[in-house]
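# Coordinate inspection notes
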Amino acid sequence: MMGRILCLDVGDKRIGIALSDEMRLIATPHSVYNRMGWGPDARHIQRISQENGCELVLCGLPRNMDGSLGFQAEKVLAFGDQLKAAGLTVEYQDERLSTVSAHNALIEGGMRRDARKGTVDKVAAAVILQSYLDKQR
């Protein structure tokens with residue numbers, strides 16, 4: 001199955017967005033969306049998905065270190081239900097430590113702390129997506 005994947009790192013204030021290429025080999029950071037409410041958020045994601053010809057929306061699922069689902073994971077699942085109601089196909093990928101990996105990559109790249117704040121969410125989404133893509137191969 002080919003076609004682009006849209007990946008989300010869903011937080012309370014922001015959603016990091018990343019896209020795969022059509023061959024599903026490479027994840028690329030796309031943007032950071034400042035949340036406005038479930039309806040506007042779902043419409044924004046739906047619009048990006050349509051504009052980029054995405055067949056799947058992958059949501060990072062923040063599991064606890066023991067693998068269980070916590071309060072934040074329940075929020076992501078609820079948002080996924082909103083996306084499904086909007087007609088999108090949604091899957092989930094374990095995102096444990098993705099934000100830590102994103103921060104480390106940006107630090108290694110020499111990005112200053114104030115610049116990282118606006119970038120880390122989309123890089124975390126790309127980390128989540130690349131992990132998913134690598135597992136699919």
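Fair warning: this is a prediction, and the values are worked out from it, not measured in the lab. (Residues numbered from 1 in each chain as written. Predicted model: local features only at pLDDT ≥ 70, side-chain atom pairs only at ≥ 80, totals over all residues. Heavy atoms only, no water.)

## Points about the overall build of the protein
When helices and strands are counted, the protein shows 5 helices and 5 strands. Long-range contacts, defined here as pairs at least 24 residues apart, represent 61% of the contacts in the protein between residues at least 6 apart. Carbon together with sulfur atoms contributes 52% to the accessible area of the protein, which is approximately 7,300 Å² in total. (Helix = DSSP H or I, 4+ residues; strand = E, 2+ residues; numbered from the N terminus. Contact = heavy atoms within 4.5 Å. Areas by Shrake-Rupley, 256 points an atom, 1.4 Å probe, with all protein chains shown as cover.)

## Side note on the pairing of strand E1 (residues 4–10)
Among the 7 residues that make up E1, 6 are buried, leaving the element largely enclosed by the rest of the structure. Two elements, E1 and strand E4 (residues 54–61), share 5 bridges in a ladder whose sense is parallel. Within E4, the position partnered with Leu6 by the bridge is Val57. Here E1 hands over to strand E2 (residues 14–20) after 3 residues, the two strands then running antiparallel side by side. (Buried < 20%, exposed > 50% of the residue type's maximum accessible area, 1.4 Å probe, protein only. Pairing = 2+ DSSP bridges.)

## What to know about the sheet that holds strand E5 (residues 90–94)
Read from one edge to the other, the open sheet built from 5 strands follows the order E3-E2-E1-E4-E5, with strand pairing classed as mixed. At either margin of the open sheet sits one strand with a lone partner, and together these are strand E3 (27–34) and E5. In this sheet, adjacent strand axes meet at a mean angle of 25° when their direction is disregarded. With respect to the sheet, helix H1 (residues 38–51) is in contact with E1, E2, E3 and E4, its orientation differing from that of E3 by roughly 150°. Docked against the sheet, helix H5 (residues 120–136) engages E1, E2, E3, E4 and E5, running at close to 40° with respect to E2. (Axes fitted to C-alpha atoms, helices over the stretch in contact; angles between N-to-C directions.)

## With respect to the pattern of salt bridges
Throughout the structure, instances matching the rule amount to 5 salt bridges. Note that Lys75 and Asp12 form a salt bridge whose closest N and O atoms lie 3.0 Å from each other. With a gap of 63 residues between them, Lys75 in helix H2 (residues 71–85) and Asp12 in the loop between E1 and E2 connect regions that are remote in the sequence. Glu55 serves as the salt-bridge partner of Arg24, at 3.7 Å between the closest nitrogen and oxygen. In this pair, Arg24 sits in the loop between E2 and E3 while Glu55 sits in strand E4, placing the two residues 31 residues apart along the sequence. (Salt bridge = Lys/Arg side-chain N within 4 Å of Asp/Glu carboxyl O.)

## Observations regarding the packing of aromatic side chains
All chains considered together, the criterion is met by 0 aromatic pairs. Its guanidinium or amino end placed over the ring of Phe79, Arg35 lies 4.9 Å from that ring's centre, counting from NZ or CZ. (Phe/Tyr/Trp six-rings, centres within 6.5 Å; stacked < 30°, edge-to-face > 60°. Lys NZ or Arg CZ within 6 Å of the ring centre and 35° of its normal.)

## As for H5
Along its 17 residues, H5 runs 24 Å from first to last C-alpha, staying within 8% of the 24 Å computed at 1.5 Å per residue. Of all the residues in H5, the buried ones are Val120, Asp121, Val123, Ala124, Ala125, Ala126, Ile128, Leu129, Tyr132 and Leu133. (Expected span 1.5 Å × (residues − 1).)

## A short note on the nonpolar core
Leu6, Leu8, Ile17, Ile45, Val57 and Leu83 are the most contacted members of the largest nonpolar core, which totals 20 residues. Listing elements by their share of this core, those giving two or more residues are E1, E2, H1, E4 and H2. Once residues lying within four places of it in the same chain are set aside, the contact partners of Leu6 are Ile17, Ala18, Leu19, Ile45, Ile48, Ser49, Cys54, Leu56, Val57 and Leu58. Ala18, Leu56, Leu58 and Leu133 belong to the second largest nonpolar core, which has 12 residues in total. (Core = buried A, V, L, I, M, F, W, Y, C linked by side-chain atoms within 4.5 Å.)

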